[in-house]
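Structural characterization, general
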Amino acid sequence: MPDAAIIGAGPAGSAAAVLLAGRGWTVTLVEQHRFPRDKVCGECLSAVGVDTLSRLALLPVIESAGAVWLSRAILHAADGSSATMPLPRAMLGISRHALDSLLLDAAVAAGANVRQPARCEAIEPTANAVFVKVRDLANNRVESITASFVILADGKSAIPLATPARTQDIGIKAHWENADATRDAIELFSLRGCYGGLAAIEAGRWNTALSVPASRVKTHCGNIDSLFHELLTENASLRRRLSGATRVGPWLAAPLPRFAVRRDFPTRVIPVGNAAAALEPIGGEGMGLALRSAELACASLVVNHGHWSDGHSHELLNDYDHLWRARRLGCRAAAMVVSSSKAMNVAVNLLGATDHLARGVFGLMGKHAAHP
């Protein structure tokens, strides 16, 4: 019987597989997509994620893949004014195409059994085990896997629970070559009622990621090129950065989740990453929190020797609250400021005038000089 079935091989799922398989657990990792694959993401790994990768001894692997160290943040108001601030701790720019594949390779090397492409279609928890219905997408065969625990890392929950309310915001992403932008900074751009970001990733490319109201996407009948040309007219700095750039690959778009830590999971089903909570993407904290939540969940399983109760779930959810709550509020507030041209003009002037205020703002978003 597998000790753990992990649903989803993104950063949280693969990290959990590395941690548990490395401790001698039998791990089955179920992933419905073929890798490598791309997905909507800001592709900035926060210091929380960097620390987790370091403890997993995987940071050198990520660096050798060409990940870019990001040491500054630059805010661009719609009128062309800007403010540059040093990040309390450096972040890493790396594509999901590269990061997810590297982490999955590490899970395999640790001994995880990977089922891919395979889709989890149902999870049935019992008092002593969890039954997982898995469909092999290569041959359409269905089988049941029995596990002591399920770690849910699919980002959307494969079990029938109340779905968090939709945000009505759409995440949009593309990669670029030859952008007129620095390689050591995260840049944020104020747009009409929304915002966008630009950061360097491996192979000399940049990632642009935007949070846009679904109503604006609908106005352009889903034509992202048309929408993006309109967005470029709303911020001179973004227009300048990409005026001579070439888009590499397609536009990707997906609904953006945003919800507090969920507490309605059955015993023996443990959520990590965006299955547990989701925050505004403006702070580049999502991937880091996914990795750290997997580390917390696996540490709890290991220290309790695989014994689990409602009390253990409560303790883990309290850890999740500490991880997500302040960041969720801080990142949401930052997004509201950046999405308002008037508020952004004020913020650029104030943040450009004093490092103390910038450090305070970063602290509200969970970015500190030393990991708390």
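You'll find the structure just up there.
Here we summarise the structure given alongside this text. (Residues numbered from 1 in each chain as written. Predicted model: local features only at pLDDT ≥ 70, side-chain atom pairs only at ≥ 80, totals over all residues. Heavy atoms only, no water.)

**Considering the overall build of the protein**
Secondary structure summary: the protein contains 11 helices and 16 strands in total. Relative to its length of 372 residues, the protein is compact, with a C-alpha radius of gyration of 20 Å against a globular reference of 21 Å. Restricting the contact set of the protein to residue pairs at least 6 apart, pairs at least 24 apart contribute 71%. A total accessible area of about 15,500 Å² is found for the protein, and carbon and sulfur atoms account for 54% of it. Looking at the protein, you have 37 positive and 32 negative side-chain charges, and the mean spots of the two groups are 3 Å apart. (Helix = DSSP H or I, 4+ residues; strand = E, 2+ residues; numbered from the N terminus. Rg over C-alpha atoms; globule rule 2.2 N^0.38 Å. Contact = heavy atoms within 4.5 Å. Areas by Shrake-Rupley, 256 points an atom, 1.4 Å probe, with all protein chains shown as cover. Lys, Arg positive; Asp, Glu negative; His and termini not counted. Charge placed at Lys NZ, Arg CZ, Asp CG, Glu CD.)

**Focus on the sheet that holds strand 2 (residues 27-30)**
Spatially, 6-2-1-10-16 is the arrangement adopted by the five strands of the open sheet, whose pairing is parallel. The sheet is open, and its two borders are formed by strand 6 (113-115) and strand 16 (269-271), each paired with just one other strand. Across the sheet, the mean angle separating the axes of adjacent strands is 20 degrees when strand polarity is ignored. Most of the contacts of helix 1 (residues 11-22) go to strand 2, to which it runs at about 170 degrees, and overall it touches strand 1 (4-7), strand 2 and strand 10 (149-152). (Pairing = 2+ DSSP bridges. Axes fitted to C-alpha atoms, helices over the stretch in contact; angles between N-to-C directions.)

**Topic: the pattern of salt bridges**
Under the defined criterion, the tally for this structure stands at 26 salt bridges. A salt bridge links D225 to R247; the shortest N-O distance between them is 3.4 Å. One end of the pair, D225, is in helix 6 (residues 224-232); the other, R247, is in strand 15 (residues 246-255), and 22 residues separate them in sequence. For R247, a relative accessible area of 29% corresponds to the partly exposed category. (Salt bridge = Lys/Arg side-chain N within 4 Å of Asp/Glu carboxyl O. Buried < 20%, exposed > 50% of the residue type's maximum accessible area, 1.4 Å probe, protein only.)

**Here we look at the nonpolar core**
Of all hydrophobic cores here, the largest spans 107 residues; its most connected members are I172, I282, Y320 and W324. Apart from residues lying up to four places away in sequence, I172 is in contact with V40, T208, A209, L210, V212, V217, I224, L227, W251, L252 and A253. (Core = buried A, V, L, I, M, F, W, Y, C linked by side-chain atoms within 4.5 Å.)

**Description of the sheet that holds strand 7 (residues 118-125)**
Read from one edge to the other, the open sheet built from three strands follows the order 7-8-9, with strand pairing classed as antiparallel. Every interior strand has two partners, whereas the edge strands, strand 7 and strand 9 (142-147), have only one. For this sheet, the mean inter-axis angle between neighbouring strands, taken without regard to orientation, is 25 degrees. Relative to strand 9, strand 8 (residues 130-136) runs antiparallel, the two sharing six bridges. Bridging across to strand 9, V130 finds its partner in A147.

**Some remarks on the side chain of R258**
Position of R258 relative to the elements: it lies in the loop between strand 15 and strand 16. On the basis of relative accessible area, R258 is assigned to the buried category, the value being 18%. Polar contacts involving the side chain of R258 include one to the side chain of D169, which spans 3.3 Å. Within polar-contact distance, the side chain of R258 engages the side chain of E280 at 3.0 Å. (Polar contact = N/O pair within 3.5 Å; in protein donor to acceptor, adjacent residues only side chain to side chain.)

**Considering helix 2 (residues 47-55)**
The buried count for helix 2 comes to seven of nine residues, which makes it a mostly enclosed element. Once helix 2 ends, the next one or two residues include A57, with phi positive near 60 degrees.

**Topic: unusual backbone geometry**
A cis amide bond, omega -5 degrees, links F35 with the succeeding residue P36. Inspection of the secondary structure assignment puts P36 in the loop between strand 2 and strand 3 (44-45). Between Q116 and P117 the backbone carries a cis peptide bond, its omega angle lying at -5 degrees. The backbone of R268 sits at a positive phi, close to 80 degrees, despite the residue not being glycine. By the element assignment, R268 lies in the loop between strand 15 and strand 16. Relative accessible area serves as the criterion here: at 12%, R268 is assigned to the buried category.

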